[in-house]
Number of protein chains: 2
Amino acid sequence: MKRTRIGFLGCGNIGCGVYRLLQRQGKRIEENEGVSFEIARILVRSKTKARGVEIPERLFTTEPQDVLDDERIDVVMEFMGGEEPAASYILRALRNGKTVVTANKMALATHWDEMIAAARESGAGLYYEASVCGAIPIIRAIGDSLQANRITSVMGIINGTTNYILSRMSREGASYEEVLSDAQRLGLAEPDPTADVEGYDAAYKLSILSTLSFHRHVPVECVYREGITNVTPLDVRLGREMGLTLKLLAVAKEEEGRVQARVHPTFVPDTHPLASVNGAFNAVYVDGDACDEMMFYGRGAGDMPTASALVSDLIKAARAERHALPAVGAVPCEMADDWICEHFVRMQVSDEPGVLAVLAGTFARHGVSIASMVQKGESGTQGRAQLIFLTHKASERAVRSALAEMDGSTVSQVSVIRVEGR
Amino acid sequence: MKRTRIGFLGCGNIGCGVYRLLQRQGKRIEENEGVSFEIARILVRSKTKARGVEIPERLFTTEPQDVLDDERIDVVMEFMGGEEPAASYILRALRNGKTVVTANKMALATHWDEMIAAARESGAGLYYEASVCGAIPIIRAIGDSLQANRITSVMGIINGTTNYILSRMSREGASYEEVLSDAQRLGLAEPDPTADVEGYDAAYKLSILSTLSFHRHVPVECVYREGITNVTPLDVRLGREMGLTLKLLAVAKEEEGRVQARVHPTFVPDTHPLASVNGAFNAVYVDGDACDEMMFYGRGAGDMPTASALVSDLIKAARAERHALPAVGAVPCEMADDWICEHFVRMQVSDEPGVLAVLAGTFARHGVSIASMVQKGESGTQGRAQLIFLTHKASERAVRSALAEMDGSTVSQVSVIRVEGR
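What you see is a predicted model, and the numbers here were worked out from it, not measured in a lab. Counting of residues starts from 1 at the beginning of each chain's written sequence and follows it residue by residue. For this description, chains carry letters from A and ligands carry numbers from 1, given in the order in which they are written. Local features in this predicted model are restricted to residues of pLDDT 70 or higher, and side-chain atom pairs are both shown and tallied only at a pLDDT of 80 or more, whereas totals for entire chains, interfaces and linings draw on every residue. Based on all heavy atoms of the structure, the side-chain values leave hydrogens and waters out of the count.

Peer 1: Is there a simple way to think about the overall build of chain A in this case?
Peer 2: In terms of regular secondary structure, chain A is built from 14 helices and 17 strands. Between the two quantities, the radius of gyration covers C-alpha atoms and the globule rule is 2.2 Å times the number of residues to the power 0.38. For chain A, whose C-alpha radius of gyration is 24 Å, the value lies close to the compact-globule estimate of 22 Å for 422 residues. With the principal axes as the frame, chain A shows a C-alpha extent of 80 × 45 × 35 Å. The 422 residues of chain A split such that 59% are buried. Put simply, of all contacts in chain A between residues at least 6 apart along the chain, 73% involve residues at least 24 apart. The way it works is that DSSP assigns letters per residue, a run of H or I at least four long becomes a helix, a run of E at least two long becomes a strand, and they are numbered from the N terminus. Exposure categories follow from relative accessible area, calculated using a 1.4 Å probe and restricted to protein chains: below 20% of the type maximum is buried, above 50% is exposed, and the middle band is partly exposed. We call two residues in contact whenever any of their non-hydrogen atoms come within 4.5 Å of each other.

Peer 1: What am I meant to see in the sheet that holds strand 6 (residues 126–127) of chain B here?
Peer 2: What links the strands of a sheet is backbone hydrogen bonding, and the strands pair in either a parallel or an antiparallel sense. Residues and elements named next belong to chain B. Paired strands, as defined in this entry, are two strands with at least two bridges between them according to DSSP. Spatially, six strands are ordered 3-2-1-4-5-6 in an open sheet, and the strand pairing comes out parallel. Strands with a single pairing partner mark the edges of an open sheet, and in this sheet they are strand 3 (60–61) and strand 6. As judged from the two bridges shared by strand 5 (residues 99–102) and strand 6, these two strands associate in the parallel manner. Residue V101 lies in a different strand from strand 6, and its bridge partner there is Y127. Its contacts with the sheet place helix 1 (residues 13–33) against strand 1 (2–9), strand 2 (35–43) and strand 4 (75–78), and it is angled at close to 160° to strand 2. Axis definition: a line fitted to C-alpha atoms, limited for helices to the stretch in contact. Angles are taken between N-to-C directions and run from 0 to 180 degrees.

Peer 1: It is not clear to me how the relation of the copies chain A and chain B should be interpreted in this structure. Could you clarify?
Peer 2: Related by rotation about an axis and a shift along that axis, the two copies of the chain form a pair. Mapping chain A onto chain B is achieved by rotating through 180° and translating by 0.0 Å along the same axis, at an RMSD of 0.0 Å. With respect to symmetry, the two chain copies, as superposed, fit the operation of a two-fold axis. Within chain A, F296(A) has its C-alpha nearest the rotation axis, a separation of 2.4 Å. The superposition of copies rests on a least-squares fit of C-alpha positions from residues with pLDDT of 70 or more in both.

Peer 1: Even after reading the chapter, I still don't get the packing of helix 13 (residues 355–365) of chain B against helix 14 (residues 396–405) of chain B, so can you show me in this structure?
Peer 2: Two measures define how a pair of helices packs: the angle their axes make with one another and the distance between the axes. Residues and elements named next belong to chain B. At a minimum axis distance of 9 Å, the contact between helix 13 and helix 14 shows a crossing angle of 140°. Comparing the axis directions of helix 13 and helix 14 gives the class oblique. Read as a crossing pair, helix 13 and helix 14 show a hand that is right-handed. Packed against helix 13, whose contacting residues are T362, F363 and R365, the element helix 14 presents A402, L403 and E405 at the interface. Split into classes, the residues belonging to the contact of helix 13 with helix 14 amount to three nonpolar, one polar and two charged. Just so you know how the angles are binned, under 35 degrees is roughly parallel, over 145 roughly antiparallel, 65 to 115 roughly perpendicular, and the rest oblique. Two helices that cross are described as forming a left-handed crossing if the nearer one is turned anticlockwise from the farther one by less than a right angle, and a right-handed crossing if clockwise. Three residue categories are used. Nonpolar comprises Ala, Val, Leu, Ile, Met, Phe, Trp, Tyr, Cys and Pro, charged comprises Asp, Glu, Lys and Arg, and polar comprises the others, including Gly.

Peer 1: Sorry if this is basic, but what is going on with helix 6 (residues 138–145) of chain A here?
Peer 2: Residues spaced three or four apart along an α-helix face the same direction, because each turn holds 3.6 residues. Most of helix 6 of chain A is tucked away: six of the eight residues are buried. For helix 6 of chain A, the complete set of buried residues consists of I138(A), I139(A), R140(A), A141(A), I142(A) and S145(A).

Peer 1: Would you explain the interface of chain A and chain B in this entry?
Peer 2: Note: interface size is frequently given as the accessible area lost on complex formation between the parts. With 47 residues of chain A at the contact, the number on the chain B side is 47 residues. Surface buried jointly by chain A and chain B totals about 4000 Å² across both partners, of which 50% is contributed by carbon and sulfur atoms. Reported buried area values correspond to the accessible surface (1.4 Å probe) lost by two parts on association, with both partners' losses combined. Contact with chain B buries area across many residues of chain A, yet Q147(A), A148(A) and Y297(A) alone supply 15% of it, more than any other trio. Salt bridges are identified by distance alone: a Lys or Arg side-chain nitrogen within 4 Å of an Asp or Glu carboxyl oxygen. Put simply, chain A and chain B have six salt bridges between them. Two N or O atoms count as a polar contact when they lie within 3.5 Å, although within protein this holds only if one can serve as hydrogen donor and the other as acceptor, and sequence-adjacent residues are included solely when both atoms are side-chain atoms. Our count for the contact surface shared by chain A and chain B stands at 16 residue pairs in polar contact (both at pLDDT 80 or more). At the level of elements, helix 1 (13–33), helix 6, strand 11 (281–288), strand 12 (292–299) and helix 12 (303–319) of chain A are the ones that each hand at least two residues to the side of chain A that touches chain B. Residue contributions to the side of chain A that touches chain B peak at eight residues, all from strand 12 of chain A. Of the residues that constitute the side of chain A that touches chain B, the class distribution is 23 nonpolar, eleven polar and 13 charged. Pairing analysis gives four bridges linking strand 12 of chain A to strand 12 (residues 292–299) of chain B, with the strands arranged antiparallel. When the bridges of strand 12 of chain B are listed, F296(A) appears paired with F296(B).

Peer 1: Please clarify how the sheet that holds strand 2 (residues 35–43) of chain A should be interpreted in this entry.
Peer 2: Residues and elements named next belong to chain A. With respect to topology, six strands assemble into an open sheet ordered 3-2-1-4-5-6, the strand pairing being parallel. In this open sheet, the two edge strands, each paired with only one partner strand, are strand 3 (60–61) and strand 6 (126–127). Taken together, the eight bridges between strand 1 (residues 2–9) and strand 2 define a ladder with parallel strand orientation. For R5, the partnering residue across the bridge sits in strand 2 and is E38. Along the sheet face, helix 1 touches strand 1, strand 2 and strand 4 (75–78) and points at about 160° away from the line of strand 2.

Peer 1: Help me out: how do you make sense of unusual backbone geometry in this one?
Peer 2: A negative phi angle is the norm for most residues apart from glycine, just as the trans form is the norm for most peptide bonds. All names here are of chain A. In this model, E84 is joined to P85 through a cis peptide bond whose omega is 5°. Looking at where P85 falls in the secondary structure, it is placed in the loop between strand 4 and helix 3 (86–95). In the Ramachandran plot, C133 falls in the positive-phi region, its phi being about 65° despite a non-glycine side chain. Summarising the element assignment, C133 is placed in the loop between strand 6 and helix 6.

Peer 1: I keep staring at helix 8 (residues 176–185) of chain B and nothing clicks. Help me out?
Peer 2: Residues and elements named next belong to chain B. Where helix 8 is concerned, the buried positions are Y176, V179, L180, D182 and A183. Buried residues in helix 8, looked at end-on, bunch into an arc of 160°, giving them a common side. Among the exposed residues of helix 8, those oriented more than 90 degrees off its buried face are E177 and R185. Those residues of helix 8 hidden inside the fold are in contact with helix 7 (160–172) and helix 9 (194–197). G187 lies just past helix 8 and shows a positive phi near 80°. Working definition: the arc comes from the directions between the helix axis and the C-beta atoms, pointing outward to the latter.

Peer 1: What should I look at first to understand the pattern of salt bridges in this one?
Peer 2: Pairs can form between side chains of opposite charge once their charged atoms are near each other. Considering all chains together, one arrives at 68 salt bridges over all chains under this definition. The partner of E241(B) in a salt bridge is K376(B), with the nearest N and O atoms 2.6 Å apart. One end of the pair, E241(B), is in helix 11 (residues 233–241); the other, K376(B), is in strand 14 (residues 370–377), with 135 residues separating them in the sequence. The partner of R400(B) in a salt bridge is E396(B), with the nearest N and O atoms 3.5 Å apart. Residue R400(B) and its partner E396(B) are located together in helix 14, separated by four residues, close to a single helical turn. When its relative accessible area of 36% is taken as the criterion, R400(B) is described as partly exposed. Exposure remark for E396(B): the relative accessible area of 9% places this residue in the buried category. Taken together, the shared-partner salt bridges in this structure form one network comprising R168(A), R171(A), E172(A), D182(A) and R185(A).

By themselves, these figures tell us nothing about what the structure is for.
Here you go:
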């Protein structure tokens, strides 16, 4: 039986999860898959830190080269997180001909070209199922199951922290700040929540997903990004009343040869399968020209779900006679600088005759057609009313330019939330 | 570039779908996957039948050996459906060393051991992603992504026809017969609907799914099977009032080394992701010890979704250096002859004092604990009432023996529907 020697980079929660899973299922994996594993070396900062799992101390090292340059190590598993030094270590391992299994979306998304090139050159494998949506095998689905499709769109709830926050805001009518501080207390949000709530984490993942879906590199800098920090309970509630659920959606589409990749608060109809993905769950909705609509749902994070994906990559790597790299063309991806979707537009306006006519006229002049409009009287704000417009599909640029033209004395406050999935 | 020569067995809707997909995406697949395909021979009954896609007549043959025994053919794709002659043809192709790609759950489930043995002996590949749930890559998910898990349960809506019928019964309160005849008129149910409505189709698929999940062969004869023909609008409605949605569920669990595999009408809580899988969509819910809960959702049938899965298998087969066969132990699977779940029990009883006490006492004597009970007065049935019991988790055998002991003059009508997913 083929025996694969593994080096770990890092041994936090996820690394310990992998260690535990290999201990628990190693024998079963040997029997079923015909491969066996030996954890040969573990790079850590501290050899004596308590880890909640018994690991022989002789495996630990604080010297990166003991993992990266040791010829006896076949596969390097990276769980350090963050861009550096993880990215440099991954590149060094690949250049040394070692196959890398990683859950690090940030390192991968920011050094994609370099890593693919390094793997191609040395013949090493690069596996990253765990980098997007934990246990959900979305990387495999796109690469190994939907290859016969032209994928037209990928929409996902791919960040658990923001989904937890929005699910609770939606259910309880609570404010963003309240729920965030709860989430921090429960360990569901980081003390500095920026990476999650501003959509950076989702943008890394979307860069990877869209690159694989459209076979052209979609750099993370090209992903449009808008976080959830400005989401108000009022918009969440008004959306609910119109049958819409608010999610931080990562959306990638290819239209007429141009790719749009964007992360932003998005309304989806309550009846859409993504609407009922709550709490810490993730889901990715894929549309292809042959397969039609599909959804992949599961735990997007957590030690053991992530370890499940990492070990499946490890098995795949160990069984491979030749490592496949993703088919991504060398031609740079042409990004769309505008896109068409429905919009939820809420405005606070002066409550006087003729205002609606003027606003509707402005939308019309910019080619934005209105599907429905609701006026809400507002208690406590004399002479002001809330108007909520739902547009038909319209160019985002047209919506923005219509809004820019509206008179600031008439319109005092505006929320624009994109609507997808209808 | 590796060129794979393909022979088709059959060329109905799905065969034509594959033909069309290869024409449409062949070039793209060559570029991305590095494999190319040539459709070399197509076995048909009639060479002149109109097929809605232009296929050169020289490809057609009415002689099975032109596909099965031609040395120049590498891969046989089977779309004939039904057990025979499909199963014999598949076996003959495998014995001739040809890799087989099939969507035929019936042939596969009824000749599993033989087919795996034939493939193992000749070194040919056997691929069947399309046999379960059309485009949904559930076979790959179990075999290539969740290998590090001990899968504890698989629950699926894996038959589109019955899901369409139950979705409409649930939405409209219509009767089974009404919706069935509509479905037949729309081509969503066969003129003879037995295979779908009696759960045979789902049982074939569940045999395959559970065999792969538990690594032991679960023969289709061991799948407990109960169709939807006795489902009443009353039960559907009463369930809805209790927050339960009725589905034909295929359920497989492994508990204490014993496997239970069963297809039957099942209530799931409205909040369960499976509850919102409607119409012709399929979904499979998997629970594993590391990955936790996951769901795979998509089109379970249709020419192009099925073709999407078939071509992905074709690509996988063409790229394989060595064909992997599923890891299934030789030890026969020990099947459970009883199982524990919650039950919805509706009874029509004489509406007189003391009846509830007697019935509750009978349940208690058999160890069946009641979670809730609702009494519904029944218009037009003098002196009768409906009692609906929801049990706590209880052995099915215990529930049945309690019911058997109840006095026929008191209890005149009983529905028992299992509840899963809470």
